[in-house]
Amino acid sequence: MQGKRIMLIVGGGIAAYKALELVRLIRGAGASVRAILTRAGAEFVTPLSLSSLTGDKVYTDLFSLTDEAEMGHIELSRDADLLVVAPATANLMAKMASGIADDLATTALLATDKPVLCAPAMNVRMWQHAATQRNLATLKADGVSFVGPDEGEMACGEYGPGRLAEPAAILEAIREQFASASKTRSLAGKRVLITAGPTHEPIDPVRYIANRSSGKQGYAIAAAAAAAGAEVVLVAGPVALPDPAGVVTIHVESAREMLAAVEEALPADAGIFTAAVADWRPDNEGTQKIKKEKGKRPPDLALAENPDILATVAAGKNRPGLVVGFAAETEKVVEHATAKRTRKKADWIVANDVSPATGVMGGDRNTVHLITADGVDNWPTLSKAEVAQRLVERLADALAGKSEKNRIGA
Ligand code: CTP
């Protein structure tokens, strides 16, 4: 942590006094601290006690003209390596989750381009309230990290989760944040293109053919690649998932739209094709809703083959340096996937068994086999987020030239 600069935002709450101890610990670990004290925070600790511990002036008000002249709030929010909110009150979390910027603390939080770590502290009921839990989920999805709250007796006499994490635990979370940031910037400067989700193939303006893909695995890979510093373009079919933070997400419906969006997004250093693209589409898409007519037999559904996006890109002139396909199989998983790797000219195939009994389709866990030119790597059953993390690590090694032999090339 030597030389790191931390912006500590102290919210209002009985636990605010612990922020003083936190400042002492952070400085002891070799980092510097600059503090913003909210108006409510100043009811619990004084600017003077904070500034004597940080050894710097304490910023308290958005509209202080001298602060604006010395350092604008935007600059203030970016002049740190990490923003730590401790204590993060229910009110601060709510404002952060909805992007409200009505004082210096919330303006700095909205304007920053740096990672944010929150240490919540509040009454048990406030913590458990659906609104706070919703804000927590939103902030996590936005990439905010959390430490605590701890469980125990509260100042208000109630018992449960809501106590500010101990300053030593917050310091540990700060250390982890820096450690993982240096480890996970492994894809910095790389452009990664990912397809995800099912496609919808229109029969007429109101009906379509689809499949059971949830898009979860592709979205997890997009999030992991973005967290590793990659510039990520995610081309997604219709899914019920929020766009991952820090990813350019392009929404499409049909296979042909997906191919067009992918070609538009090329070139890329790596292409990861997780989408469950429909192999066929209705041949003659009706321009009007097909009517049911009494006494007439149901319409025949003639099918036409869709373009194979992976195979088209892998054989195209804009082929990414590393092409990764997925193979969803219900039998002879490795055998079929190995053949698919050669047939589609992919460098790697991530194969999985999607038989209904596995619960993979739509579920949160996945058991995959990574098939490369070197052979088959059997991974244990992992969460889709863990599969994504592992894949991103392999990808970073390959793009850094550490496993060139894995690649068959164009
Ligand atoms: N794929 C694609 N475009 C298609 C079909 C598949 O890009 N029209 C990609 C998928 O995203 C995946 C890989 O090809 O990365 C394999 O998909 P899969 O559905 O398992 O293969 P199919 O081509 O459908 O082969 P099969 O019918 O033999 O299972």
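K.L.:
In this structure, what is going on with the overall build of the protein? I would like to understand it.
P.N.:
Check the secondary structure of the protein and you find 14 helices and 22 strands. Here the C-alpha coordinates of the protein stretch approximately 80 × 60 × 45 Å along the principal axes. Of all intrachain contacts in the protein linking residues separated by at least 6 positions in sequence, the fraction that spans at least 24 positions is 68%. Just so you have it, the protein exposes about 19,900 Å², and 52% of that area is on carbon and sulfur atoms. One way to put it: in the protein the 46 positive side-chain charges average out to a point 4 Å from where the 49 negative ones average out.

K.L.:
Hey, could you run me through the packing of aromatic side chains in this one?
P.N.:
A complete count under the given rule lists zero aromatic pairs for this structure. Geometry around W348 places R394 over its ring, the cationic atom sitting 5.7 Å from the centre.

K.L.:
Just checking my understanding: could you explain the environment of V262 for this structure?
P.N.:
Tracing the sequence through the fold places V262 in helix α11 (residues 255-265). Taking the relative accessible area as the measure of exposure, V262 reaches 0% and is therefore buried. Each C-alpha atom, one on V262 and one on V235, is 6.8 Å from the other, the two residues being 27 residues apart in sequence. Setting aside its immediate chain neighbours within four residues, V262 contacts L193, T195, V235, F273, I309 and V313.

K.L.:
How should I be thinking about the layout of surface pockets in this particular structure?
P.N.:
In this approach, a probe sized like a water molecule rolls over the atoms, and the result shows the empty space that is left. By volume, the second largest pocket is sized at about 920 Å³. Every element with two or more residues in the lining of the second largest pocket is listed here: α10 (216-227), β16 (303-305), α12 (309-314) and β17 (322-329). Residues of the lining of the second largest pocket, tallied by class, amount to 18 nonpolar, 13 polar and seven charged.

K.L.:
For this particular structure, what's the right way to read the site of the ligand?
P.N.:
Near the ligand there are 15 residues, and of these F273, A275, F326, K340 and K344 occur at the shortest range. The contact in question runs from a nitrogen atom of the ligand to an N or O atom on the backbone of I309, over 2.9 Å. Assessed atom by atom at 2 Å from the grid points, the ligand resides in the second largest pocket. Counting residues per element, the ones that place at least two in the shell around the ligand are α12, β17 and α13 (333-343).

Conventions and cut-offs
Residues numbered from 1 in each chain as written. Predicted model: local features only at pLDDT ≥ 70, side-chain atom pairs only at ≥ 80, totals over all residues. Heavy atoms only, no water. Helix = DSSP H or I, 4+ residues; strand = E, 2+ residues; numbered from the N terminus. Contact = heavy atoms within 4.5 Å. Areas by Shrake-Rupley, 256 points an atom, 1.4 Å probe, with all protein chains shown as cover. Lys, Arg positive; Asp, Glu negative; His and termini not counted. Charge placed at Lys NZ, Arg CZ, Asp CG, Glu CD. Phe/Tyr/Trp six-rings, centres within 6.5 Å; stacked < 30°, edge-to-face > 60°. Lys NZ or Arg CZ within 6 Å of the ring centre and 35° of its normal. Buried < 20%, exposed > 50% of the residue type's maximum accessible area, 1.4 Å probe, protein only. 1 Å grid on protein atoms, 1.4 Å probe; cavity = no way out; pocket = protein on both sides within 12 Å on 5 of 7 lines; lining within 4 Å. Points joined across faces, edges and corners; volume = space filled by probe spheres on them. Nonpolar A, V, L, I, M, F, W, Y, C, P; charged D, E, K, R; others polar. Near = heavy atom within 4 Å. Polar contact = N/O pair within 3.5 Å; in protein donor to acceptor, adjacent residues only side chain to side chain. Sits in = over half its atoms within 2 Å of the grid points.

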